[in-house]
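Fold and geometry: a report
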Amino acid sequence: MTDDKAQSQQPMANSQNAFSGKRTLITGGLGFLGSNLARRLVELGAEVLLVDSLIPDYGGSLFNIAGIEDRVRVNIADVRDEHGMDYLVRSQDIIFNLAGQVSHLDSMRDPYTDLEINCRAQLSILEACRKHNPGVKIVYAGTRQIYGRPCYLPVDESHPLAPTDINGVNKLAGEWYHVVYNRVHGLRMVSLRMTNTYGPRMRVKDARQTFIGWWLRQIVEGQELQIFGDGRQVRDFNYVDDVVEALLLAAADPNADGQIYNMGSDESISLLDLAELLIEVNEVNGGGSYRIVPFPADRKRIDIGDFHGDYTKIRTQLGWRPTVPLREGLERTVAFYHRYREHYW
Ligand SMILES: NC(=O)c1ccc[n+]([C@@H]2O[C@H](COP(=O)([O-])OP(=O)(O)OC[C@H]3O[C@@H](n4cnc5c(N)ncnc54)[C@H](O)[C@@H]3O)[C@@H](O)[C@H]2O)c1
């Protein structure tokens, strides 16, 4: 299975050497980011172990690894299981720690599950590494959600941290456990604070995870998009291939050890303009329409307003920059879901 996607133009000069034959473990490896990363690691000649619980209603799916299933190992396991993690982290060179409960709304309705996965389980992983594999490099999937409502734009890494929801609080703790294990125990780690990431293999079943995933499904189904509020909220987006390259750069570069980096884009866009762009991108399949509706109260209470991340630090230190323009990324993604919708609906 292919997405007809072009290779990215990131500065991956040494990546072939950096990952060839390396033992890599991806927690959350059957999810959106994990499976796209797995595809790239396989191309680069890494040994890839995917650890995923496949909890129903989360983003994991075996179809996400269709075409590479013979080139990766899959272990259906839960990162909350300390004993399992003790065993799984052994002899890995790099751990991409991407497993997570990712719905902000769910974290408000069921805070304990979010706590267990995004917080407590992170300690299980780190303790397992401290005891059984202290030389490993860990790349943690952080989130821009931990900044909360921005005090200024674009948001850099020095911006105050004030999450607006339980998920943000637990992801912040999860990140800082990694930082503490670096500073106190010398574990090599790096955190990427990701902004809205989109692309093939993201969960589009409903609006619980990301609004962009839901919009992608609606546009493919020919349904009207709903924009909450006035549509002037600004967001930034990264195409998944660009985020995968950032994960690889962060893993390969020793200068990233102990660091936290924002992801970001040069193209911040209002939701109204995003809806119009999606409709244009879907023109060959009949376009689409949108309607502005009042903000649902449960979403409004945890909304962060405008967001635009400053990614200067990762650009200057690791040479990363986003290379896939929003229009092109949306075109690839819409084409993917037109083709494979039966596996994602
Ligand atoms: N996609 C984004 O826009 C975005 C933005 C910021 C941060 N992130 C972070 O990136 C990571 C990956 O997100 P994603 O978008 O790929 O989501 P996803 O839901 O597609 O992937 C997460 C994967 O983790 C697995 N998982 C969940 N709980 C688990 C557990 N207890 N044990 C083992 N596996 C478990 C799920 O089954 C799923 O396959 C998450 O940690 C998320 O917080 C993502």
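As the structure is a prediction and not an experimental result, all values here were calculated from the model.

Basis of the calculations
Residues numbered from 1 in each chain as written. Predicted model: local features only at pLDDT ≥ 70, side-chain atom pairs only at ≥ 80, totals over all residues. Heavy atoms only, no water. Patch = residues over 30% accessible without salt bridge, like charges linked within 9 Å, V, L, I, M, F, W, Y side chains within 5 Å. Areas by Shrake-Rupley, 256 points an atom, 1.4 Å probe, with all protein chains shown as cover. Salt bridge = Lys/Arg side-chain N within 4 Å of Asp/Glu carboxyl O. Helix = DSSP H or I, 4+ residues; strand = E, 2+ residues; numbered from the N terminus. Axes fitted to C-alpha atoms, helices over the stretch in contact; angles between N-to-C directions. Parallel < 35°, antiparallel > 145°, perpendicular 65-115°, else oblique. Left-handed = near helix turned anticlockwise from the far one by under 90°. Contact = heavy atoms within 4.5 Å. Nonpolar A, V, L, I, M, F, W, Y, C, P; charged D, E, K, R; others polar.

Side note on a nonpolar patch on the surface
- On the surface, a nonpolar cluster with roughly 260 Å² of combined accessible area is contributed by Leu 62, Val 74 and Ile 76.
- Residue placement: Val 74 occurs in strand 3 (residues 73–76).

Observations concerning the packing of helix 7 (residues 211–221) against helix 12 (residues 326–340)
- Viewed as axis vectors pointing N to C, helix 7 and helix 12 meet at an angle of 60 degrees, and their least axial separation amounts to 10 Å. Judged by the angle between their axes, helix 7 and helix 12 are oblique. The handedness of the crossing between helix 7 and helix 12 is right-handed. For the pair formed by helix 7 and helix 12, the contact residues are Ile 212, Leu 216, Ile 219 and Val 220 on the first element and Leu 330, Thr 333, Val 334, Tyr 337 and His 338 on the second.
- Counted by class, the contact of helix 7 with helix 12 contains 7 nonpolar, 2 polar and no charged residues.

Details of the packing of helix 2 (residues 32–43) against helix 8 (residues 240–252)
- Put simply, helix 2 and helix 8 touch, their axes get as near as 9 Å, and they point 70 degrees apart. The orientation of helix 2 relative to helix 8 falls into the category roughly perpendicular. By crossing handedness, the relation of helix 2 to helix 8 is classed as right-handed. Contacts between helix 2 and helix 8 pair Phe 32, Leu 33, Asn 36, Leu 37, Arg 40 and Leu 41 from the former with Val 240, Val 243, Val 244, Glu 245, Leu 247 and Leu 248 from the latter.
- Residues of the contact of helix 2 with helix 8, tallied by class, amount to 9 nonpolar, 1 polar and 2 charged.

By themselves, these figures tell us nothing about what the structure is for.
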